[in-house]
Amino acid sequence: MSDKYIKDLSIEVLVGFFMFMILIALGVFTIVLSRQNFFQKKYPVAVCFDEISGLREGDQVFLRGTKVGTVKATTLENNHVIVRADLNSPVQFRDGYKVEVVSSSMLGGKLLKIYEGPLSALPLPKDAVINGEKPVDILEELGSAVASIKKMTAEVSAGEGTLGKLIRDETVYNDLQAIMANFRQISEQLAQGNGTIGKLLNDETVYADLKKTMANLQEVSGRLANGEGTLGKLLAKDDQLYQDISASMANIRSITGNIQSGEGTLGKLINDDQVYVEAQKLLKELGAAIDDMRETSPVTTFSTVILGAF
Amino acid sequence: MIAPFKEIYRYIDLPIKSSRRLGRIIVLACHDMGNALIMLASATLYIRTLWKPRARYETAMQLYVTGIKSLGVITVVAFFTGMILALQTGLELRRFGQEVNIGTAVTVVMIREMGPFMTGLIIAASVGSAIAAQLGTMAVSEEISALEVMSINPNRFLVMPRLVALAVMMPILTVYTNILGILGGGIVGSTQLGVSFQAYLDNATRYAENKDLYVGLFKAFIFGIIISTVACYQGLSTIEGAVGVGRATRQTVIISFLMILIIGYMITRLFYI
């Protein structure tokens, strides 16, 4: 073969190879942009909507925040929009399911969001019609929000409501001014040292007293810590005093037990009423004796006087 | 030869009024356009002879020159076009915390418009001007006349292979430009804007559609026809020696650029509005 023929051939091969590679790339590009995976099993699902707010073929389908498929077609049937989607995995819809069209970003674009229902709910039959929620139009919502804000600002401007009165009515302003004047007067008095709080702020006596008290408290707490005094001994680690008190308490308990059981003089005095009866009798007899003495007293006195003269 | 009309009217600077001058320009433009379209139709009819050995060789050579020889400059331009697109859109989108969407922006812009447009400009400036210069030199050295004397139709022998080469290679090079542009955007996204390459690719394929891709390739195909027609016509109608060759080259680039812009807009309007 001549060199020219080889050169021509190599040019043709080079051009052909380049075109072949680019055509393969074009094929891959086409498959990628069609968002289809030809080797994966698909699970078709159809959802009935009243409107789909611009959802398009090729938009993504999300389940629990993960992409599970793409929208295949949207068709208008009997005043409803049927959205057909191919899912990569089967989804079992249950009572309480929710399918809605939501915005994929603030810049636009839509996606189909599926919530298959609570796990505890009953699964829907296979031939059940899946109904989608009415999509929320963000622009419409924003429009109504703006309208509400406008209405509110108009009311505020007209002096209606609390906020309107706050802005339009001078009473609150005047009250606030008066309060501020009072505050100013109070702060001036505080600064001059008038009144209790003023004295507290300006007079150092209270501070000195407080300091002294704190010193005393510190000393007392030190003594307590060192086990000095009765309270200190009570708090001290050494439990001698506690033992003594405990023994005394045991003795007292024993004494009171004896008293209660009528043992000893005190017990008998408390429990035996014989002494009481005897004492009562004694008192009665004493009373009678005094009465006798009272009755015989004039005779005795007279006799004493008469006889005393002799 | 195509240009007797030009020889008579174009370069004779007659002292005429402005209105007549304007009329002459319009008549010349119509003449040029008509002649170019006739040449295009004639060359298209000769495509049936494409598989003859000489035509096939010439076409392969033109494919090689148009495609393989242009790869270097197209690689650089495509890569940097994607990078610039990603950087500019990414910096603006970052203000809204949406820089992750540069994949969408770069892909859609590249495959819809920038891919065919940039490829068209590069091919018009490099290959189109080369064709005009080559055919212009042949015309002024009377090689074209010699071919006609030998009963070889210049449209079949010279124009048809170039027309086929550009019409075929422009969409091919556009696919190449698209791929490199998108890759360039991805590199800028991952290195400058903090968008991972995987997120960029996921986003890139989210909103672009096959329609965008194929309308872009259709544009490239039309651009290829425009560039080859303008370049061949300007080359074959060259007069006045070396000066004429320079003028033909310049005219080829200017007219091709303008036509690419105007026809590009019209195709976009046709398919998207």
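Every chain is numbered on its own, with residues counted from 1 as its sequence reads. Numbering of ligands from 1 and lettering of chains from A proceed in the order in which they are written. Whole-chain, interface and lining totals are the exception, using all residues; otherwise, since this is a predicted model, local features are given only for residues with pLDDT of at least 70 and side-chain atom pairs are given and counted only at 80 or more. The basis for the side-chain values is all heavy atoms of the structure; hydrogens and waters are excluded.

Observations concerning the overall build of chain A
(1) Moving on: For the purposes of this entry, the term helix denotes a DSSP run of H or I that reaches at least four residues, the term strand denotes a run of E that reaches at least two, and both are numbered from the N terminus. A count of helices and strands for chain A gives 10 helices and seven strands.
(2) Moving on: With the radius of gyration taken over C-alpha atoms, the globule rule is written as 2.2 Å times the number of residues to the power 0.38. Expected size for 310 residues packed as a compact globule is a radius of gyration near 19 Å; at 55 Å, chain A overshoots this value by more than 25%.
(3) Moving on: For chain A, the C-alpha atoms occupy an extent of roughly 195 × 65 × 60 Å along the three principal directions.
(4) Moving on: Buried positions account for 20% of the 310 residues belonging to chain A.
(5) Moving on: Here the contacts in chain A between residues at least 6 apart in sequence split such that 48% fall between residues at least 24 apart. Exposed residues in this analysis have more than 50% of their type's maximum accessible area, buried residues have under 20%, and partly exposed residues fall in between, with area computed by a 1.4 Å probe over protein chains only. Contact between two residues is taken to exist if any of their heavy atoms lie within 4.5 Å; hydrogens are not considered.

Topic: the interface of chain B and chain A
(1) Moving on: Tallying the contact residues gives 30 residues for chain B and 25 residues for chain A.
(2) Moving on: Each of two parts loses accessible area, computed with a 1.4 Å probe, when they are put together; buried area is these two losses added. When chain B packs against chain A, close to 2,500 Å² is buried across both sides, 72% of that on carbon and sulfur atoms.
(3) Moving on: Salt-bridge detection follows one rule: a side-chain nitrogen of Lys or Arg within 4 Å of a carboxyl oxygen of Asp or Glu. The tally of links between chain B and chain A comes to one salt bridge.
(4) Moving on: Across the pair R56 of chain A and E209 of chain B runs a salt bridge whose closest N-O atoms are separated by 3.7 Å.

Re the pairing of strand β6 (residues 110–115) of chain A
(1) Moving on: As paired elements, strand β2 (residues 60–63) of chain A and β6 of chain A share three bridges and run parallel to each other. Residue pairing in the sheet places F62 of chain A in a bridge with K113 of chain A of β6 of chain A. By this definition, two strands are paired if DSSP reports at least two bridges between them.

Concerning the pattern of salt bridges
(1) Moving on: Summed over the entire model, instances satisfying the criterion amount to 10 salt bridges over all chains.
(2) Moving on: In this structure, the salt-bridge partner of E113 of chain B is K219 of chain B, at a minimum N-O distance of 2.5 Å. Of the two residues, E113 of chain B sits in helix α5 (residues 102–140) while K219 of chain B sits in helix α9 (residues 210–236), which places them 106 residues apart along the sequence.
(3) Moving on: Taking relative accessible area as the criterion, E113 of chain B reaches 26% and is therefore assigned partly exposed.
(4) Moving on: Its relative accessible area of 0% is what places K219 of chain B among the buried residues.
(5) Moving on: Shared partners join several salt bridges into a network, and the residues in it are R64, R94 and E116 of chain A.

A short note on the pairing of strand β1 (residues 43–49) of chain A
Residues and elements named next belong to chain A.
(1) Moving on: Two strands pair when backbone bridges link them, and β1 and strand β4 (residues 80–87) are joined in this way by seven bridges, in the antiparallel orientation. Counted as the bridge partner of P44 is D86 from β4.
(2) Moving on: With two bridges joining them, β1 and strand β7 (residues 130–131) adopt parallel strand pairing. Across the sheet, C48 pairs through a bridge with N131, a residue of β7.

Structural notes on the environment of L231 of chain A
All names here are of chain A.
(1) Moving on: The residue L231 is located in helix α7 (residues 229–235) in this model.
(2) Moving on: A relative accessible area of 52% places L231 in the exposed class.
(3) Moving on: Put simply, L231 and N216 are 15 residues apart on the chain and 16 Å apart in space, counted from C-alpha to C-alpha.

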